[in-house]
Amino acid sequence: MMARNDGDRNKNGARNNDERRERLAAGIRRQFGTEATMRFLRALPAFRTENDIPDRFRELLDRLDGIESSVAARGPRR
């Protein structure tokens, strides 16, 4: 029986950790993107926009919404 090289073990361990981390990140992104989560966040006072915010801030929020929509339309990152 041959012993495995420690370098190979470390590479495989690092690769497994990277894959695990990527799966976790994908799961979190998926959960934050659900309609239920979005509805919940919109109901929280900290995530609501005020009606009387300056036009410049409203424009920036509109741009952010557009960017988020275009990224969501492209699908998940890999």
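Caption draft 1: Fine view of helix α3 (residues 55–74). The terminal C-alpha atoms of α3 lie 29 Å apart, and with 20 residues this matches the ideal 28 Å at 1.5 Å per residue to within 8%. Two residues or fewer past α3, glycine 75 is found with a positive phi of approximately 100°.

Caption draft 2: Examining the pattern of salt bridges more closely. Counting across every chain of the model gives four salt bridges. As a salt-bridge pair, arginine 29 and glutamate 22 come within 3.3 Å of each other at their nearest N and O atoms. Judged by its relative accessible area of 39%, arginine 29 falls in the partly exposed class. The partner of glutamate 59 in a salt bridge is arginine 56, with the nearest N and O atoms 4.0 Å apart.

Caption draft 3: Up close: a nonpolar patch on the surface. A cluster of nonpolar side chains, contributed by Leu24, Ile28 and Phe32, occupies part of the molecular surface with about 310 Å² of accessible area. Note that leucine 24 resides in helix α1 (residues 6–32).

What counts, and where the lines are drawn
Residues numbered from 1 in each chain as written. Predicted model: local features only at pLDDT ≥ 70, side-chain atom pairs only at ≥ 80, totals over all residues. Heavy atoms only, no water. Helix = DSSP H or I, 4+ residues; strand = E, 2+ residues; numbered from the N terminus. Expected span 1.5 Å × (residues − 1). Salt bridge = Lys/Arg side-chain N within 4 Å of Asp/Glu carboxyl O. Buried < 20%, exposed > 50% of the residue type's maximum accessible area, 1.4 Å probe, protein only. Patch = residues over 30% accessible without salt bridge, like charges linked within 9 Å, V, L, I, M, F, W, Y side chains within 5 Å. Areas by Shrake-Rupley, 256 points an atom, 1.4 Å probe, with all protein chains shown as cover.

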